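Fold and geometry: a report
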Amino acid sequence: VVSTQSTGVQVERVENGTLFVTGADLIDGTPIIDIKPYIEYCDRPCSSPSCPDWISNPPSAPLTVDITHGAKQQIQVAPLRFLRSAAELEQCIRDVLVGDPRSVYRKRQGEVEFSFPVDAVDVRVQVGAEGGASVVDVRQTDFVRNLLLKNGA
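Residues numbered from 1 in each chain as written. Predicted model: local features only at pLDDT ≥ 70, side-chain atom pairs only at ≥ 80, totals over all residues. Heavy atoms only, no water.

**Points about the overall build of the protein**
- Each helix and strand counted, the protein has six helices and six strands in total.
- Per-residue burial for the protein yields a buried fraction of 20% across its 153 residues.
- Of the contacts made within the protein by residues no fewer than 6 positions apart, 39% connect residues no fewer than 24 positions apart.
- Summing over all exposed atoms, the protein offers an accessible surface of approximately 11600 Å²; the carbon and sulfur share of this is 53%. (Helix = DSSP H or I, 4+ residues; strand = E, 2+ residues; numbered from the N terminus. Buried < 20%, exposed > 50% of the residue type's maximum accessible area, 1.4 Å probe, protein only. Contact = heavy atoms within 4.5 Å. Areas by Shrake-Rupley, 256 points an atom, 1.4 Å probe, with all protein chains shown as cover.)

Written as structure tokens, this is what we have:
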């Protein structure tokens, strides 16, 4: 796990190529990767941070998810590279869809069909006017299909 952080610190001293700073939320000995000078007009924290409206007031409610009988059959035989089972793939698809992964723009445009990749499959979805998402197709991604063909599988 890699954690990155950008924060202002006070340089206390430099000794034998080692920079000593205060004001950082670090454990002693944590490496500091890059140091840049503080430039007030572009580094100054803003006085009144705000949250965009589309974050504090999401444009839509969570989607209800339905998986058609045909798509459920496709999930059972879907090739998996990272997930361990068809049940895990189905749950992953449901978890993605309940949050409605369409962009705000696409939602406002009334996009009713879209697809997204999960593991080694593409999932095709239709969204109804009432806010339900129906998984209609689950197919091996072109990338995986081409990789298998290239390797003679």
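**A few points about the pattern of salt bridges**
- Evaluation of the coordinates by the stated rule reveals six salt bridges.
- The shortest N-O distance in the salt bridge between Arg102 and Asp100 comes to 2.8 Å.
- The class for Asp100 is buried, based on a relative accessible area of 4%.
- A salt bridge links Asp137 to Arg139; the nearest nitrogen and oxygen atoms lie 2.9 Å apart.
- By relative accessible area, Asp137 is classed as buried at 11%. (Salt bridge = Lys/Arg side-chain N within 4 Å of Asp/Glu carboxyl O.)

**Notes on the nonpolar core**
- Ranked by internal contacts, the top residues of the largest apolar core, which has 19 residues, are Ile93, Phe116, Val123, Val125 and Val135.
- If you list the elements that add at least two residues to this core, you get α3 (69–77), α4 (86–98), β4 (113–118), β5 (121–127) and β6 (132–140).
- What Val135 contacts, discounting residues up to four positions off in sequence, is Asp66, Ile67, Thr68, Ala71, Ile93, Leu97, Val123, Arg124 and Val125. (Core = buried A, V, L, I, M, F, W, Y, C linked by side-chain atoms within 4.5 Å.)

**Observations concerning α4**
- Its 13 residues place the ends of α4 18 Å apart at the C-alpha level, agreeing with the 18 Å of an ideal helix rising 1.5 Å per residue.
- Listed as buried for α4 are Ala86, Leu89, Glu90, Ile93 and Leu97. The arc that holds every buried residue of α4, seen down its axis, measures 100°, which confines them to one face.
- Directly after α4, the chain includes Asp100, whose backbone phi takes a positive value near 50°. (Expected span 1.5 Å × (residues − 1). Arc of directions from axis to C-beta.)

**Looking at the side chain of Ser134**
- Note that Ser134 resides in strand β6.
- For Ser134, a relative accessible area of 19% puts it in the buried group.
- Ignoring any residue separated from it by four or fewer positions in sequence, one finds Ser134 in contact with Asp66, Thr68, Arg124, Val125 and Gln126.

**Description of the confidence of the model for the protein**
- When pLDDT is averaged across the protein, the result is 81; 76% of the residues are at 70 or more.
- Mean pLDDT in the protein bottoms out at helix α6 (residues 142–150), which sits at 65, and peaks at α3, which reaches 97. (pLDDT = per-residue confidence, 0-100.)

**Section: the layout of surface pockets**
- What the second largest pocket holds in volume is close to 310 Å³.
- Lining the second largest pocket are 13 residues, with Val21, Leu26, Asp28, Gly29 and Thr30 positioned closest to its centre.
- Split by residue class, the lining of the second largest pocket holds seven nonpolar, five polar and one charged. (1 Å grid on protein atoms, 1.4 Å probe; cavity = no way out; pocket = protein on both sides within 12 Å on 5 of 7 lines; lining within 4 Å. Points joined across faces, edges and corners; volume = space filled by probe spheres on them. Nonpolar A, V, L, I, M, F, W, Y, C, P; charged D, E, K, R; others polar.)

**A closer look at the pairing of strand β1 (residues 10–15)**
- Judged from the five bridges that link them, β1 and strand β2 (residues 18–22) form a sheet pairing that is antiparallel. By the bridge assignment for β2, Arg13 is matched with Phe20.
- Where β1 hands over to β2, the hairpin turn is made up of two residues, of which Asn16 adopts a positive phi near 50°. (Pairing = 2+ DSSP bridges.)

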